[in-house]
Amino acid sequence: PQTREHAHLLALLNVSRCIVVITKSDLAPPDLVEFVRDEAVALLRSLAIDPIAAVATSATSGAGVAELRALLAKLAIADAEAAADRSAYRWFRMP
C-alpha cells in the first residue's frame, strides 16, 4: 500500500520521472526483489511517470548504495547543465 500511496503522490505533484529504490533487498530472495521492481515500474508507468532506473539497496551490506550514489550524481550534473542552458540570463547582456 505504501508504494501505491507514494506513486500517487508523485503523480499529484506532476513528477515526470523518478528512480525506483528497493530497500532492504538483502532480506528478500532475488526473485522477489525482481518482482517488486517490475511491479513498481509498471505502477509508475501507468501513472505517466518515467522510472529512469531501479536500484535494489541494502544498508546492512551496502549493496547497491554506490550504484545509487553514482546515478544521483550523474542526474544532478545533467540537470544542472540543462538548467544552465535554460537560464533567462544566459542571453541577456548589459551594454
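Residues numbered from 1 in each chain as written. Predicted model: local features only at pLDDT ≥ 70, side-chain atom pairs only at ≥ 80, totals over all residues. Heavy atoms only, no water.

Re the overall build of the protein chain
Within the protein chain, the secondary structure is distributed over three helices and two strands. Along the protein chain, from the amino end to the carboxyl end, the secondary structure elements read α-β-α-β-α. Taken across its 95 residues, the protein chain has 20% of its residues classed as buried. Long-range pairs, those at least 24 residues apart, make up 67% of the contacts in the protein chain between residues at least 6 apart in sequence. For the protein chain, the exposed area adds up to about 7300 Å²; of that, 60% sits on carbon and sulfur atoms. (Helix = DSSP H or I, 4+ residues; strand = E, 2+ residues; numbered from the N terminus. Buried < 20%, exposed > 50% of the residue type's maximum accessible area, 1.4 Å probe, protein only. Contact = heavy atoms within 4.5 Å. Areas by Shrake-Rupley, 256 points an atom, 1.4 Å probe, with all protein chains shown as cover.)

Digging into a nonpolar patch on the surface
On the surface, a nonpolar cluster with roughly 260 Å² of combined accessible area is contributed by Leu32, Phe35 and Val36. Take Leu32: it is sitting in helix α2 (residues 30–46). Overall, Leu32 belongs to the partly exposed group, its relative accessible area being 41%. (Patch = residues over 30% accessible without salt bridge, like charges linked within 9 Å, V, L, I, M, F, W, Y side chains within 5 Å. Salt bridge = Lys/Arg side-chain N within 4 Å of Asp/Glu carboxyl O.)

Some points on the nonpolar core
Formed by Ala7, Cys18, Val20, Ile22, Val33, Ala40, Val41, Leu44 and Ile49, the largest nonpolar core amounts to nine residues. Residue assignment for this core shows that the elements contributing at least two residues are β1 (17–22) and α2. The element contributing the most residues to this core is α2, with four residues. Contacts of Ile22, omitting those with residues within four sequence positions, involve Val33, Val36, Arg37, Val55, Ala56 and Thr57. In this structure, Val55, Leu68, Leu71 and Leu75 belong to the second largest nonpolar core, which totals five residues. (Core = buried A, V, L, I, M, F, W, Y, C linked by side-chain atoms within 4.5 Å.)

Some thoughts on the pattern of salt bridges
Scanning all chains against the criterion turns up two salt bridges. Between Arg17 and Asp79 there is a salt bridge, and its shortest N-O distance comes to 2.6 Å. Of this pair, Arg17 sits in strand β1 while Asp79 sits in helix α3 (residues 65–86), and the two are 62 residues apart along the sequence. For Arg17, a relative accessible area of 36% corresponds to the partly exposed category.

Let's talk about the side chain of Ser58
Relative to the helices and strands, Ser58 is located in the loop between β2 (50–56) and α3. Within the local environment of Ser58, its side chain forms a polar contact with the side chain of Asp26, the two groups lying 3.2 Å apart. A polar contact of 3.4 Å, which involves the side chain of Ser58, links it to the backbone nitrogen of Thr60. Beyond its immediate chain neighbours, meaning those up to four positions away, Ser58 contacts Ser25, Asp26, Ala63 and Val65. (Polar contact = N/O pair within 3.5 Å; in protein donor to acceptor, adjacent residues only side chain to side chain.)

Some remarks on the environment of Leu47
Structurally, Leu47 is set in the loop between α2 and β2. By relative accessible area, which is 22% here, Leu47 ends up partly exposed. Between the alpha carbons of Leu47 and Asn14 there is a distance of 9.9 Å; along the sequence they are 33 residues apart. If we ignore the near neighbours within four places in the chain, the residues touching Leu47 are Ala7, His8 and Ala11.

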